[in-house]
Amino acid sequence: MNELNAIVESAKAAFSVAVTPADLENAKAQFLGKSGRITELMKGMAALSVDEKKSRGAAINLSKQAIEAALNDRRQALADAELQMQLQAEALDVTLPGRQRGQGGLHPVSLTLERIEAIFGSMGFDVAQGPEIETDWFNFTALNTPEDHPARSMHDTFYVEGGSQTAPNLLRTHTSPMQIRYAVQHVKKYSKVFNSDQGKSLFSGAMPEIRVIAPGRTYRVDSDATHSPMFHQCEGLWVGENVSFKDLKFVFTDFCRTFFESDDLVLRFRPSFFPFTEPSAEIDIQFQTGPLAGRWLEVAGSGQVHPNVIRNMGLDPERYIGFAFGMGPDRLTMLRYGVNDLRLFFDGDIRFLSQFQ
Ligand code: PHE
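Residues numbered from 1 in each chain as written. Predicted model: local features only at pLDDT ≥ 70, side-chain atom pairs only at ≥ 80, totals over all residues. Heavy atoms only, no water.

Undergrad: Looking at this model, I keep getting lost on the overall build of the chain. Mind explaining?
TA: In terms of regular secondary structure, the chain is built from 12 helices and nine strands. For 357 residues, the compact-globule estimate of 2.2 N^0.38 gives 21 Å, and the chain exceeds it by more than 25% at 44 Å. By principal-axis analysis of the C-alpha atoms, the chain measures approximately 140 × 50 × 40 Å. With 357 residues in all, the chain has 40% of them scored as buried. When the accessible area of the chain is evaluated, it comes to approximately 20000 Å², of which 53% is carbon and sulfur surface. For the chain, the centre of its 36 positive side-chain charges and the centre of its 44 negative side-chain charges are spaced 6 Å apart. (Helix = DSSP H or I, 4+ residues; strand = E, 2+ residues; numbered from the N terminus. Rg over C-alpha atoms; globule rule 2.2 N^0.38 Å. Buried < 20%, exposed > 50% of the residue type's maximum accessible area, 1.4 Å probe, protein only. Areas by Shrake-Rupley, 256 points an atom, 1.4 Å probe, with all protein chains shown as cover. Lys, Arg positive; Asp, Glu negative; His and termini not counted. Charge placed at Lys NZ, Arg CZ, Asp CG, Glu CD.)

Right under this line is the structure:
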């Protein structure tokens with residue numbers, strides 16, 4: 001009996017130190033396997049008398065059952081521990097808030113462009129877009145800018161390979177080429193309607209006025225806190241039979257006051273030079289109140305469209321006249337939101353950009 005108890009105890013001890021199911025199966029084999037200690041005892045009974053077999057057999061069976069019970073307890077304990085570990089490892093905190101999807105929004109310069117389009121739209125201006133890779137003709141020649149003009153130098157412009165007079169060969173330095181592109185389309189359309197035998201001569205018939213803005217990207221070899229190699233411009237063009245500098249002043253002043261939502265704003269048309277306008281003026285604005293009060297800030301170039309440019313539009317300058325301007329939406333955005341470094345607009349830093357949503 002003592003021997004059986006000792007075997008049960010050593011089985012329990014062996015089971016309790018088993019930490020993996022494989023350990024446990026090995027331990028089981030030592031006691032219940034083919035040549036395990038209990039099995040050996042059973043085999044040893046062969047020589048006993050019938051009575052002895054009965055009592056001895058019953059005792060061994062009890063021990064066997066005790067060992068099997070211990071084995072099952074340990075199996076269960078190991079399975080429980082395994083489950084616990086798995087639960088710990090795969091812990092899922094269902095109270096954690098889900099990952100938010102960031103709300104996107106428009107870039108501050110896009111907001112400005114939308115604003116510009118809405119304001120000029122309300123004044124009857126069409127909105128046009130044109131190519132950023134331009135030809136010499138549209139970017140310079142058609143705009144009365146001669147071959148030897150410094151604006152054409154390699155320093156001022158990005159040239160692309162393989163251009164010719166007709167094939168695009170440069171990144172447009174301003175949106176002014178759109179004056180020509182848009183006007184030519186307009187004139188073609190109406191000269192056909194009103195005067196189909198115009199041919200190549202200049203159109204001097206009647207047509208609806210040309211009134212358009214052309215916002216978009218422009219490029220120059222320039223890079224500092226207030227200049228970026230890629231920047232935005234918005235061209236404006238109004239050509240009709242009696243469109244004067246006075247109209248330019250009125251339209252642009254009205255635009256600035258609407259854009260900045262302020263009547264405390266003074267404009268100055270400072271004499272300047274552009275090959276494609278005559279006379280020409282830089283437009284400066286001055287806020288009368290607020291953090292920028294008293295400073296003159298340049299926002300656009302402008303002027304009466306030069307007769308040579310009117311001709312390149314296919315129009316007779318004896319009949320048609322108008323004004324053009326080119327303003328800087330990036331600058332307007334900086335002024336409107338009080339941003340002091342232009343590069344912030346193009347860095348793509350979400351902390352900066354999200355402030356405009
Ligand atoms: N294109 C000129 C510039 O980029 C601006 C301008 C446009 C001036 C239209 C006059 C008329 O500086």
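Picking up after the structure, the text goes on.
Undergrad: Quick question: what am I supposed to make of the pattern of salt bridges here?
TA: Side chains bearing opposite charge may pair, as long as their charged atoms lie close to each other. Using the criterion set out here, one finds 16 salt bridges in the structure. Of the charged contacts in the structure, one is a salt bridge between Glu-261 and Arg-336, with a shortest N-O distance of 3.1 Å. Of this pair, Glu-261 sits in the loop between α8 (245-259) and β6 (265-274) while Arg-336 sits in helix α10 (residues 329-337), and the two are 75 residues apart along the sequence. For Glu-261, a relative accessible area of 60% translates into the label exposed. The closest approach of N and O atoms between Arg-270 and Asp-284, which form a salt bridge, is 2.7 Å. A residue pair is termed long-range when its members are at least 10 positions apart, and Arg-270 in strand β6 and Asp-284 in strand β7 (residues 277-287) qualify at 14 residues. Taking the relative accessible area as the measure of exposure, Asp-284 reaches 1% and is therefore buried. One salt-bridge network, in which partners are shared between bridges, spans Arg-268, Arg-270, Asp-284 and Glu-298. (Salt bridge = Lys/Arg side-chain N within 4 Å of Asp/Glu carboxyl O.)

Undergrad: I would appreciate a short explanation of the layout of surface pockets in the present structure.
TA: Empty space left among the atoms is revealed by rolling a probe the size of a water molecule over them. Space inside the largest pocket adds up to approximately 1100 Å³. Looking at the largest pocket, it is lined by 42 residues, and the ones nearest its centre are Thr-173, Arg-220, Phe-231, Gln-233 and Glu-298. Only β5 (230-240), β6, β7, β8 (297-305), β9 (321-327) and α10 provide two or more residues apiece to the lining of the largest pocket. With six residues, β8 is the largest single contributor of residues to the lining of the largest pocket. Of the volumes computed, that of the second largest pocket is approximately 360 Å³. As for the second largest pocket, its lining consists of 17 residues, of which Phe-287, Leu-292, Met-334, Leu-335 and Gly-338 are closest to the centre. Top element by residues in the lining of the second largest pocket is α10. It accounts for three residues. Its residues placed into classes, the lining of the second largest pocket shows eight nonpolar, six polar and three charged. (1 Å grid on protein atoms, 1.4 Å probe; cavity = no way out; pocket = protein on both sides within 12 Å on 5 of 7 lines; lining within 4 Å. Points joined across faces, edges and corners; volume = space filled by probe spheres on them. Nonpolar A, V, L, I, M, F, W, Y, C, P; charged D, E, K, R; others polar.)

Undergrad: How do you make sense of α8 when you look at a structure like this?
TA: One turn of the α-helix equals 3.6 residues, which is why residues spaced by three or four share an orientation. Between its first and last C-alpha, α8 extends 21 Å over 15 residues, near the 21 Å set by a 1.5 Å rise per residue. Listing the buried residues of α8 in full gives Leu-248, Val-251, Phe-252, Thr-253, Phe-255, Cys-256 and Phe-259. Sitting at the amino-terminal end of α8 is Ser-244, which places a side-chain oxygen 3.2 Å from the backbone nitrogen of Lys-246. The first or second residue beyond α8 is Glu-261, which carries a positive phi of 50°. (Expected span 1.5 Å × (residues − 1). Polar contact = N/O pair within 3.5 Å; in protein donor to acceptor, adjacent residues only side chain to side chain.)

Undergrad: Help me out: how do you make sense of the sheet that holds strand β1 (residues 126-127) in this one?
TA: Sheets are built from strands paired through backbone hydrogen bonds, the pairs being either parallel or antiparallel. One open sheet accounts for seven strands, arranged β1-β4-β5-β9-β8-β7-β6; its pairing is mixed. Each edge of the open sheet is held by one strand with a lone partner, namely β1 and β6. Seen against the sheet, helix α5 (residues 108-122) touches β1, β4 (210-219), β5 and β9 and runs at an angle of roughly 170° to β4. Sitting on the sheet, α8 touches β5, β6, β7, β8 and β9, and the angle it makes with β6 is about 130°. (Pairing = 2+ DSSP bridges. Contact = heavy atoms within 4.5 Å. Axes fitted to C-alpha atoms, helices over the stretch in contact; angles between N-to-C directions.)

Undergrad: In this structure, what is going on with the domain arrangement of the chain? I would like to understand it.
TA: Interface size is commonly expressed as the accessible area that is lost once the parts come together. Taken domain by domain, the chain consists of domain 1 (2-89) and domain 2 (108-356). Computed from C-alpha coordinates alone, the two centres of domain 1 and domain 2 are separated by 95 Å. (Domains from an automatic or database assignment.)

Undergrad: Would you take a moment to explain the state of the cysteines for this structure?
TA: Should the sulfur atoms of two cysteines be covalently bonded, the bond is a disulfide. The full count for this structure, using the stated rule, is zero disulfides. Between Cys-234, a free cysteine, and Cys-256, which holds the nearest cysteine sulfur, the sulfur-to-sulfur gap is 12 Å. (Disulfide = S-S within 2.5 Å.)

Undergrad: Teacher, can you tell me more about the site of the ligand here?
TA: In the vicinity of the ligand there are 14 residues, among which His-174, Ser-176, Arg-220, Gln-233 and Gly-326 approach most closely. Between His-174 and the ligand, the recorded distance is 2.9 Å, taken from a side-chain N or O atom to a nitrogen atom. For the ligand, an oxygen atom lies 2.9 Å from a polar atom in the side chain of Gln-233. Contact with the protein chains covers 90% of the free accessible surface of the ligand, which is 320 Å². For the ligand, the cavity whose grid points lie within 2 Å of the majority of its atoms is the largest pocket. Mapped onto the shell around the ligand, the elements with two or more residues apiece are β5, β8 and β9. (Near = heavy atom within 4 Å. Sits in = over half its atoms within 2 Å of the grid points.)

Undergrad: Could you clarify how one ought to interpret the packing of helix α1 (residues 2-17) against helix α4 (residues 50-89) in this entry?
TA: Each packed pair of helices is defined by two parameters, the angle between the axes and the distance between the axes. Put simply, α1 and α4 touch, their axes get as near as 10 Å, and they point 15° apart. Viewed along their axes, α1 and α4 adopt a mutual orientation that is roughly parallel. For the crossing formed where α1 meets α4, the hand is right-handed. Every residue of α4 that contacts α1 at Glu-3, Leu-4, Ile-7, Val-8, Ala-11, Lys-12, Phe-15 and Ser-16 is listed here: Arg-56, Ala-59, Ile-60, Ser-63, Ala-66, Ile-67, Ala-70, Leu-71 and Arg-74. Of the residues belonging to the contact of α1 with α4, the class tally is 11 nonpolar, two polar and four charged. (Parallel < 35°, antiparallel > 145°, perpendicular 65-115°, else oblique. Left-handed = near helix turned anticlockwise from the far one by under 90°.)

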